[in-house]
Amino acid sequence: MILNTGSRTDIPAFYSKWFYNRIREGYVLVRNPYYPMQITKYLLKPEVIDMMVFCTKNPYPMLDNISLLSAFDMFWFVTITPYGKEIEPLVPPKEQVMDSFCRLSKFVGSGRMSWRYDPVFITEKYSVDCHIEQFSRIAKQLSGYTKQCVVSFIDLYEKTKRNFPGIQAVTRQEQERLIAAFSKIAKENDMQIHLCCESADLVRENVDADGCMSKAVFEKALRCKLNVPKKKTARNECNCLLGADIGAYNTCPHGCVYCYANYDRETVAQNCKRHDADSPLLVSEVSEQDVIKCAAQTSWKEAQIGLFDYFEASNSTSIV
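Residues numbered from 1 in each chain as written. Predicted model: local features only at pLDDT ≥ 70, side-chain atom pairs only at ≥ 80, totals over all residues. Heavy atoms only, no water.

So what exactly am I meant to see when it comes to helix 4 (residues 128-142) here?
Owing to its 3.6 residues per turn, the α-helix aligns residues three or four sequence positions apart on the same side. An ideal rise of 1.5 Å per residue puts 21 Å on 15 residues; helix 4 measures up with 21 Å between its terminal C-alpha atoms. Every buried residue of helix 4 is listed here: Val-128, Cys-130, His-131, Gln-134, Phe-135, Ser-136, Ile-138, Ala-139 and Leu-142. In the stretch just after helix 4, Gly-144 is the one whose phi turns positive, near 90°. (Helix = DSSP H or I, 4+ residues; strand = E, 2+ residues; numbered from the N terminus. Expected span 1.5 Å × (residues − 1). Buried < 20%, exposed > 50% of the residue type's maximum accessible area, 1.4 Å probe, protein only.)

Okay, here's the thing in structure tokens:
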């Protein structure tokens, strides 16, 4: 199975102590966001977890104890954008995040690292030309440390429009100009671009719309076939394996104005106060009314399918 940590919050950035406590205990409890009294228990064992997937804007807090995860296969998605503090208030300086990205890549291998440049939106400050310039700058610094980049354009959910007044959709002309430039820059830095829930009309050389957390991406990273159970996807246009997420919505303090996972900052602040690093749940404690069910966990791995040219695994056991 694939265990996700980052579709609902940023565990590496803010809850690394809790996460490593769960690794030591060997299990984690996850409250159903739609039926709060239902709790799922996941065993944190490499025998049943084929890949741990992390999504973060700041992997640094995880680095000192990363060796605790050496028994697990991992895939890391790290978001690095050109936006400033007015957009991403608590995201660390970009140079620091890029340094952490490179250090992490030395541990897990460049074939298990992905740079997320999303969501892309256009303002007077963050113009098309600005995005192209900044994309090139970041790509050059990450060159050799990842083989892929995920790009998506901002989705105007109601909570996004409420928290980010005046934001507009990126026009098709702007999208095409950006993807054309990004494709060329990515190719120069030995990266493949994966579009995240975007139109197949944008597909071109070095750009696909097959999914960023897809079965194919993880098979290449693991170097083996995966027998993934058939399941309804979160969105029809999305091929990503997004189930089994151990995070919780409304718990990420980054404060990004475009955030899809937070309702508002007040709710986040309240939930953060309820966090206990020693609890099996990310937020709150188990009550007598809760119903805990063990997840059906089995390995999806099949036969080895050989090495991929772009996969560069590292046997290092320390971060340098």
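Even after reading the chapter, I still don't get the packing of aromatic side chains, so can you show me in this structure?
To describe a pair of aromatic rings, you give the distance between the ring centres and the angle between the ring planes. All chains considered together, the criterion is met by 18 aromatic pairs. Ring centres 6.4 Å apart and planes at 50° place the aromatic pair Phe-121 and Tyr-258 in the tilted group. Pair noted here: Phe-121 is in the loop between strand 6 (113-120) and helix 4 and Tyr-258 is in the loop between strand 10 (224-226) and helix 8 (265-273), with a separation of 137 residues, a long-range link. In terms of burial, Phe-121 and Tyr-258 fall into one category: buried. Residues Tyr-157 and Tyr-260 carry aromatic rings whose centres are separated by 5.1 Å and whose planes lie at 80° to one another, so their mutual orientation is edge-to-face. On the criterion of sequence distance, the pair formed by Tyr-157 in the loop between strand 7 (148-153) and helix 5 (158-163) and Tyr-260 in the loop between strand 10 and helix 8 is long-range, its members being 103 residues apart. On the accessibility criterion, Tyr-157 (35% relative accessible area) is partly exposed. Overall, the relative accessible area of 29% leaves Tyr-260 in the partly exposed class. Within the aromatic cluster, the residues linked to one another by ring pairs are Tyr-83, Phe-121, Tyr-126, Phe-164 and Tyr-258. (Phe/Tyr/Trp six-rings, centres within 6.5 Å; stacked < 30°, edge-to-face > 60°.)

Would you mind going over the nonpolar core with me for this structure?
Grouped burial of nonpolar side chains is what soluble globular proteins tend to show. Core analysis: the biggest nonpolar cluster contains 80 residues, and Phe-19, Met-52, Leu-69, Trp-115, Val-151 and Phe-218 have the highest contact counts within it. A per-element tally of this core places helix 3 (residues 94-108) first, with 7 residues. With sequence-adjacent residues up to four places away left out, Val-151 is seen in contact with Tyr-117, Asp-118, Val-120, Phe-135, Ile-179, Phe-182, Ile-193, His-194, Leu-195, Cys-196 and Glu-198. (Core = buried A, V, L, I, M, F, W, Y, C linked by side-chain atoms within 4.5 Å. Contact = heavy atoms within 4.5 Å.)

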